[in-house]
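# Structural characterization, general
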Amino acid sequence: MAGLTRIEQRGIQAVPPDERHGRARDLFGVWFAANLGLLAVVFGAILAAMGLDLVQAVLTTVVASTASFLLVGAVSVAGQRAGMPALVLSRRALGRAGNLVAAAVGWVSVLGWEVVTSVIGAWALVGVAHAAFGVRAGPAIDAAALGVMIGASLVLGVLGHGAIVRFQRLAAIGFGLLTVAVLPVLLLHVDVARVAAAPPASLRTVLVAGGVLAAGTGISWVNLAPDYSRYLPRHERARSIVGWVTCGAALPTAVLVVTGYLLSTEVHGLATSLDPIGPVGAVLPAWLSMPFLLVAAGGMLAESDLACYSSGLTLLALGVRIRRSRTVLVDGAVVCGAGLWLMVGRAGFLSPFESFLTLLATGLTAWAGVVLADMVRATRAATGRRAGGGATTRALNVPGLAGFAAGSAVALTTTMSPLYTGPLARGLVGDGSFGFGLGLVVAAVVSLAGWELGAVVTAHRRSGAGAPVPSGAPVPSGAPVPSDAPVPSDAPVPSDAPVPSDAPVPPGATVPPGATVPPGAPVPPGATVPPGAPVPPGATVPPGIPGDATGRAAPTRSAAPGGRVPAAAPVNRLVVVGSILLDILVHVEALPSRGGDVIASDRTLASGGGFNVLSAAARLGLPGAYAGLIGDGAFGRQVARDLEVSGIRSLVPPVTGEDTGFTVGIVEAGGERTFLTAPGIESRLDAAALDRIVLEVGDAVYVSGYDLLYPVAGPVIASWLHELGPEHLLVVDPGPLGGSLDGPLGPVLGRVGLFSANEREAAGCTGERIPAAAAAALAGQLAPGGVAVVRVGPAGCWVARPGATPVHVPGHPAATVDTTGAGDVHVAAMLVRLAVGDDAVAAARFANVAAALSVGRRGGASGPGPEAVAAAIAGSGSVAAAGAAAASGPEPRPSPRSWPR
């Protein structure tokens, strides 16, 4: 944990596993200190003013404070799971643009409460100055005291999370002990007989009091909670987090609220007092006034420092492009101005101001409901119980936004405050401010129902509509047979009824020529043969489907080690996030000596980097899109042309006044290459550019280790990748600069579904020089069901998944001309085969052939077409011959593609 003098460097990006630290019990000190403030004493006086007797007050306090801080604890779990601040983790649930509304409400709310706590703390410091030095209050003294309070908050806010956690722990001990010393003396002034004689209030009044107390205590903290749990390791249990947060916050709150209730018999007007410091301090002996004032000031500082830090994070979530440590300066300026206004015009202003802040909490509880629903959604998706519902990186996530809007509307219409009364605020609901609770429930239910409905619709579209075909019912001509519709033995299938690959066709069902036939079904002449089906005479084998010596198409599923890559939907598109550069390739016999020179035998100028993967996938039929920056200079224009010619869409508009970077590649006679990279605009990809990207269900998102190393783009991309949902497959290739997993690769590894590296890169990542061992080590750190591939050149590759023995997939001989881009072709070819249902081993076998063909051509974008791969696999020509033919023939172009649904 960072010390008290070390400035936190992390902003709002997700905290990687290697930077997580601490225990759940650390949250006890954070929340204990934050709730030692005198506002809780005022809430106790409010309970007395409402007419509750002692038993009712104690029970209401315990139940309301515990229930409201349970919500704080639950939202803290969301922060720990995502490793993100509060108003950033909700981007997944609301969308990046939709989240801005919640972030704006959260920023105003947290800033407002910081103003209140800073002003009350400043009044306590004025009291300290008067008690110690006889200084009397005045505008100058008030301003100086406010400056001290804000300055202390700013120091802690600049230092960041580690310093705040450490300070809160010390404050919990120090100010907690002072509170224990002060409270008994305060309670000596309580007229016990008078308190005991108070008549009980009605049940309705008790419920109203509970709603008011819950709204003013735990609910006001809910949008800060994840900011202080995001550094906790993932292995910390959710119930421990909830327990420590709830106990740490509810314990001091309950004690101080009950104390305020008891003191109200002696301190008249405490419930409506503008400054609670004076009335409470007046009943203390002179010798105890200083400890009391220190407790008051310290308790307010332990509240305002959390608000200061969180307001800075929220500013970043709103899109402010400055360092986190500088955002608190914006916070300080606003709080200083508002605080001076509040202190100068104090009469009759504090109560309406607090009412305004309480009113803002209607949006915060709706936000909390959506966040909790998103936690449920993520849990259901992880356990395979269906809960998808939209890409996490869309500008607007409609179900989440609908829940947020519905919850806010219900809360506003059923809430009553001094500043505003909702049209439906009648009876118990309005008087008790239960609009908060109603808004939370409605927001959670609406958003979760929307996501569930979206998942049902998506699944319906994937599998096809329709009920099972009843026995004897003919299938109409042209009607598709859905994958979940069993076809009984007496149901004739007409010639134009397509039968999907997973629709069972029992004996007796007629499958005429032209119908798509599922695995295992007899195939008549002329029928299209899917993977796994026997290949009789006259049947057509689609290009790119590997076969074996028995004449059978390769199976689409296998129980062999290697498994299937975890993706909630079929791969429908490849999206490369990061960089495309221009490759300047020169071919030489050998590298010159240092300071020497050599004449190149050939040179090539072509797009490279991520373009190699996209073009290889496009030639094999997998559509692609580029999610990165392109300049409008000469290099950028070349990249844009190459993308257009290859049919690859760019998801981000070009940047004017900047140019794309380039790589100088030196290719030796044996095919080995050496690179020098000069980054351009592509290395400065920022969150604003990523905000423009709209992912689709079934997208495979590819990122290279190069891009994670860029100082500007790397952290932004890593944070963005953590927001990907289960409907997206994350593919990572570390590249030669990927280095060890202690670097930028480590934080994203646990989300990766497919990790592909060559032998040298894998050794650098794991320290394992044996490829099989490196593959196993990598697989153990991937997402559940993830696949690690270690490429070993002509020898093929090793495929591993967690808990399984690595499988060696033999390579194919090749006439090597240029190895540039061979790894990119291998990754693209694997994705193409995974997209049509191959397991990882079968996909790797196909990829080995594609990569072997690619090294027979010069250039990085050297991927073969499906016909060349199919010919090599079928044995119609050697791989070397196929590669030579591809090298001498025309440039392959993307082919159209239709995916089975």
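So, a few notes on the structure that sits alongside this text. This structure is a prediction, so every number in the text was calculated from the model and none was measured.

Reading the values: the criteria
- Residues numbered from 1 in each chain as written.
- Predicted model: local features only at pLDDT ≥ 70, side-chain atom pairs only at ≥ 80, totals over all residues.
- Heavy atoms only, no water.
- Pairing = 2+ DSSP bridges.
- Helix = DSSP H or I, 4+ residues; strand = E, 2+ residues; numbered from the N terminus.
- Axes fitted to C-alpha atoms, helices over the stretch in contact; angles between N-to-C directions.
- Contact = heavy atoms within 4.5 Å.
- Parallel < 35°, antiparallel > 145°, perpendicular 65-115°, else oblique.
- Left-handed = near helix turned anticlockwise from the far one by under 90°.
- Nonpolar A, V, L, I, M, F, W, Y, C, P; charged D, E, K, R; others polar.
- Buried < 20%, exposed > 50% of the residue type's maximum accessible area, 1.4 Å probe, protein only.
- Polar contact = N/O pair within 3.5 Å; in protein donor to acceptor, adjacent residues only side chain to side chain.
- Phe/Tyr/Trp six-rings, centres within 6.5 Å; stacked < 30°, edge-to-face > 60°.
- Salt bridge = Lys/Arg side-chain N within 4 Å of Asp/Glu carboxyl O.

A word on the sheet that holds strand β2 (residues 580-587). Spatial strand order, β3-β2-β6-β7: 4 strands in an open sheet with mixed pairing. Only two strands of the sheet have a single neighbouring strand rather than two, namely β3 (602-609) and β7 (673-678). Strand-to-strand twist across the sheet, computed as the mean angle between neighbouring axes with direction ignored, equals 20°. Note: β2 against strand β6 (residues 662-667), 6 bridges, orientation parallel. Paired with Asp583 across the bridge in β6 is Thr663. The strands touched by helix α20 (residues 634-645) within the sheet are β2, β3 and β6, with β2 carrying the most contacts at an inclination of about 95°.

At a minimum axis distance of 7 Å, the contact between helix α3 (residues 54-82) and helix α11 (residues 238-263) shows a crossing angle of 150°. It follows from the interaxial angle that α3 and α11 lie roughly antiparallel. Both α3 and α11 take part in a crossing whose hand is right-handed. Tallied by class, residues from the contact of α3 with α11 come to 19 nonpolar, 8 polar and no charged.

Our next topic: the environment of Trp221. Among the structural elements, Trp221 can be located in the loop between α10 (203-216) and α11. Judged by its relative accessible area of 8%, Trp221 is buried. When the C-alpha atoms of Trp221 and Ala307 are compared, they prove to be 9.2 Å apart, with 86 residues separating the residues in sequence. Setting aside residues no more than four positions away along its own chain, Trp221 makes contact with Trp31, Ala34, Asn35, Phe69, Val72, Glu303 and Leu306. For Trp221, the side chain forms a polar contact with the side chain of Asn35, separated by 3.1 Å.

This part covers the packing of aromatic side chains. A ring pair, where both rings are aromatic, is described by two values, the distance of the centres and the angle of the planes. Considering all chains together, one arrives at 6 aromatic pairs under this definition. When the ring of Trp31 is compared with that of Tyr228, the centres are 6.3 Å apart and the planes differ by 90°; the resulting orientation is edge-to-face. Taken together, the residues Trp31 in helix α1 (residues 26-34) and Tyr228 in the loop between α10 and α11 connect sequence positions 197 residues apart. Per residue, the accessibility class of Trp31 equals that of Tyr228, and both read buried.

This paragraph deals with the sheet that holds strand β10 (residues 754-758). Spatially, 9 strands are ordered β5-β4-β1-β8-β9-β10-β11-β12-β13 in an open sheet, and the strand pairing comes out mixed. The sheet is open, and its two edges are formed by β5 (649-650) and β13 (807-809), each paired on a single side. The pairing of β10 with strand β11 (residues 787-791) spans 5 bridges and is classified as parallel. Its bridge partner lying in β11, Ser756 is registered against Val789. Running at roughly 175° to strand β1 (residues 573-578), helix α19 (residues 610-619) makes contact with β1, β4 (624-628) and β8 (699-704) of the sheet. Relative to β13, helix α28 (residues 840-854) is tilted by about 30°, and along the sheet it contacts β11, β12 (797-800) and β13.

What the rule picks out here adds up to 11 salt bridges. Here Glu761 makes a salt bridge to Arg791, at a shortest N to O gap of 3.9 Å. With Glu761 in helix α25 (residues 759-766) and Arg791 in strand β11, this residue pair connects regions lying 30 residues apart in the sequence. Judged by its relative accessible area of 10%, Glu761 falls in the buried class. Here the salt bridges share partners, and the residues they tie into one network are Glu8, Arg230 and Arg324.

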